[in-house]
Amino acid sequence: MIAEEMIVACCTDLAGKVRGKAFPATQFDKRMKRGIGWTPTNVQITCFDTIAESPFGSLGDLVLIPDERAKVRVDFADDAPVEHFALGDIHYTDGRPWEFCTRSILKGALERLEKVAGLTLFGAFEHEFQFRNHATPLGDAYSLNGFRAERRLAQTLVAAMRAAGLEPDTFMKEFGRGQYEVTMGPSRGVAIADHSTILRELVRSVSGASGKEVTFTPIRDPAGVGNGVHVHLSFLRNDNPATWDPKGKNELSQAAGHFVAGILKYLDAIVAITAPSVVSYLRLTPHRWSAAFNNLGYRDREAAVRICPVSDMSDIAKAAQFNFEFRAADATASPHLQLAAIVHAGVQGIEEELPAPDATAEDLALLGAQELASRGYVRLPTTLADALERFRTNPTVTGWFPAGFAEVYVKHKNGEMAFLEGKAKDQICSLYEQVY
Ligand code: GLU
Ligand code: MG
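Note that the coordinates shown come from a computational prediction; the quantities given were computed from them, not determined experimentally.

Undergrad: Which parts of the structure should I look at to understand the sheet that holds strand β5 (residues 83-92)?
TA: Picture the strands of a sheet paired through backbone hydrogen bonds; they go either parallel or antiparallel. One open sheet accounts for five strands, arranged β2-β1-β5-β4-β3; its pairing is mixed. Edge strands, defined here as strands with exactly one partner in the open sheet, are β2 (18-24) and β3 (36-38). Adjacent strand axes in the sheet meet at a mean angle of 40 degrees, parallel and antiparallel pairs treated alike. As judged from the three bridges shared by β3 and strand β4 (residues 62-74), these two strands associate in the antiparallel manner. Across the sheet, the residue bridging to G37 is V63, located in β4.

Written out as structure tokens, the structure is:
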């Protein structure tokens, strides 16, 4: 059979989906200038394929320009077609960045970090996922046997990651039934979110090729485990690590202390972006090692932000190992939007010179509302509707985004919620696990 290789120019959108258009791969150079045509109302296509209220209607034209630095070509060297796509930015036809382009929004946040603090972001997303039609046997949590069951897939994935320019790190059988976790090495700036997107797509591609369906849904069953996204972050100043200060509170450098404080201060208003589905709030509950409060943890996996351990035995210097992770995130969000919200909150903390937070090492779920409040903690929103309300009514937070963004985002999410109206919890979980 004859075949011509095609490449997909794509973007992550408000639904956290990767959408785009394909063209013959030989056109790539031309398309880097011309782009592909894109429609404004696409941004209101929800994860359930409904169209939320759109201010654009049938009007307007945009171009999506693929970026060579975010181009992935993986030849699996078997009967499967070559995996070929490139992430890109959406512009108006006159070249201005479009207000709803998630990658451009992230670039804006990273520029703010550079401008305000002279810092470059360095980090990586860590992902958990589950097989839908392929439950691993009982008793395999963290086990060699559980790894063995997916060794072939893991090894293909690692090769695909390397071919795509990602640095493979670990792959393991996570705690839940059919649940695995994959991590990668850090990268800089917009590549952090690009690599998260690429990783999710490669997991889907590799799994699909072996007849397995994966889901990154935040939670399949409210009684079971969650699938988290943990965003590991650190800073570079003039190429040198700038996150660790052994004399700083919780060993955070001054800028890192302000940054983490900013995340915690604005967390309840940004979870609508970092954990943006209805089922995200079934995961963000106490005692499942996700995040239920706006706290910093030191060696504590129940915290929204956790300072990750460093080892004296590593070949990597402590200052370069030191990082913190944001745990109130999941894969129903665009990695670009997610990271933009975290960075803006952090930079806001730097601008406000917020003091580095204390770290908790106790169960905040045991404290009453008054005690929580007196210590400056808030319970994170418990529903998407509440999260959206806290986002919408926080002018500092909405002000970080381009004009009109917050309103359109809330409409998008209202459209998603409308689709679920009247449906039972298990049905809602099942719908999300199909689409993510
Ligand atoms: N599955 C947990 C989550 O939903 C995380 C478990 C872990 O610490 O790896 O975030
Ligand atoms: Mg994990």
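Undergrad: I keep staring at the environment of L384 and nothing clicks. Help me out?
TA: The residue L384 is located in helix α11 (residues 384-392) in this model. Using a relative accessible area of 2% as the deciding quantity, one classes L384 as buried. C-alpha of L384 to C-alpha of V278: the two residues are 106 residues apart in sequence and 5.3 Å apart in space.

Undergrad: Got a minute to help me understand the coordination of the magnesium ion (ligand 2) in this structure?
TA: Coordination angles at a metal have ideal targets, namely 109.5 degrees for four tetrahedral donors and 90 or 180 degrees for six octahedral donors. At this site the magnesium ion (ligand 2) is bound by E128 (OE), E174 (OE) and E181 (OE), with donor distances of 2.0 to 2.1 Å. As a motif over one chain, the donors of the magnesium ion (ligand 2) read E-x45-E-x6-E. In this structure, E174 and E181 share a single accessibility class: buried.

Undergrad: Which parts of the structure should I look at to understand the site of ligand 1?
TA: Close to ligand 1 lie E128, E174, E181, G226, G228, H230, R283, R288, W289, R301 and R327. In the environment of ligand 1, a nitrogen atom lies 2.7 Å from a nitrogen or oxygen atom belonging to the side chain of E128. Measuring from an oxygen atom of ligand 1, one finds a backbone N or O atom of W289 at 3.4 Å. Relative to its unbound accessible area of 300 Å², ligand 1 is 91% covered by the protein chains. Split by residue class, the shell around ligand 1 holds one nonpolar, three polar and seven charged.

Undergrad: What is the right way to look at the packing of aromatic side chains in this model?
TA: The description of an aromatic ring pair uses the distance of the two centres, along with the angle that the planes make with each other. With the rule as written, the count across this model stands at 22 aromatic pairs. Ring centres of Y266 and W400 lie 5.4 Å apart, and the angle between their planes is 75 degrees; on these two criteria the pair is classed as edge-to-face. With Y266 in helix α6 (residues 254-274) and W400 in the loop between α12 (395-398) and α13 (405-420), this pair connects stretches of sequence that are 134 residues apart. Each member of the pair Y266 and W400 is classed as buried. On the basis of an interplanar angle of 75 degrees and a centroid distance of 5.8 Å, the ring pair of F391 and Y409 is categorised as edge-to-face. Placement of F391 in helix α11 and of Y409 in helix α13 is noted, with a sequence separation of 18 residues between them. The exposure class of Y409 is buried, given its relative accessible area of 1%. One aromatic cluster in this structure is built from F56, W98, F100, F391, F401, F405 and Y409. A cation sits over an aromatic face here: R96 above Y92, 4.2 Å from the ring centre. A cation over a ring is seen here: K423 above F419, with NZ or CZ 4.7 Å from the ring centre.

Thresholds, definitions, all that
- Residues numbered from 1 in each chain as written.
- Chains lettered and ligands numbered in written order.
- Predicted model: local features only at pLDDT ≥ 70, side-chain atom pairs only at ≥ 80, totals over all residues.
- Heavy atoms only, no water.
- Pairing = 2+ DSSP bridges.
- Helix = DSSP H or I, 4+ residues; strand = E, 2+ residues; numbered from the N terminus.
- Axes fitted to C-alpha atoms, helices over the stretch in contact; angles between N-to-C directions.
- Buried < 20%, exposed > 50% of the residue type's maximum accessible area, 1.4 Å probe, protein only.
- Donors = N, O, S within 2.8 Å, 3.2 Å for Na, K, Ca; no water.
- Near = heavy atom within 4 Å.
- Polar contact = N/O pair within 3.5 Å; in protein donor to acceptor, adjacent residues only side chain to side chain.
- Areas by Shrake-Rupley, 256 points an atom, 1.4 Å probe, with all protein chains shown as cover.
- Nonpolar A, V, L, I, M, F, W, Y, C, P; charged D, E, K, R; others polar.
- Phe/Tyr/Trp six-rings, centres within 6.5 Å; stacked < 30°, edge-to-face > 60°.
- Lys NZ or Arg CZ within 6 Å of the ring centre and 35° of its normal.

Fair warning: the whole summary comes from geometry, so function is off the table for now.
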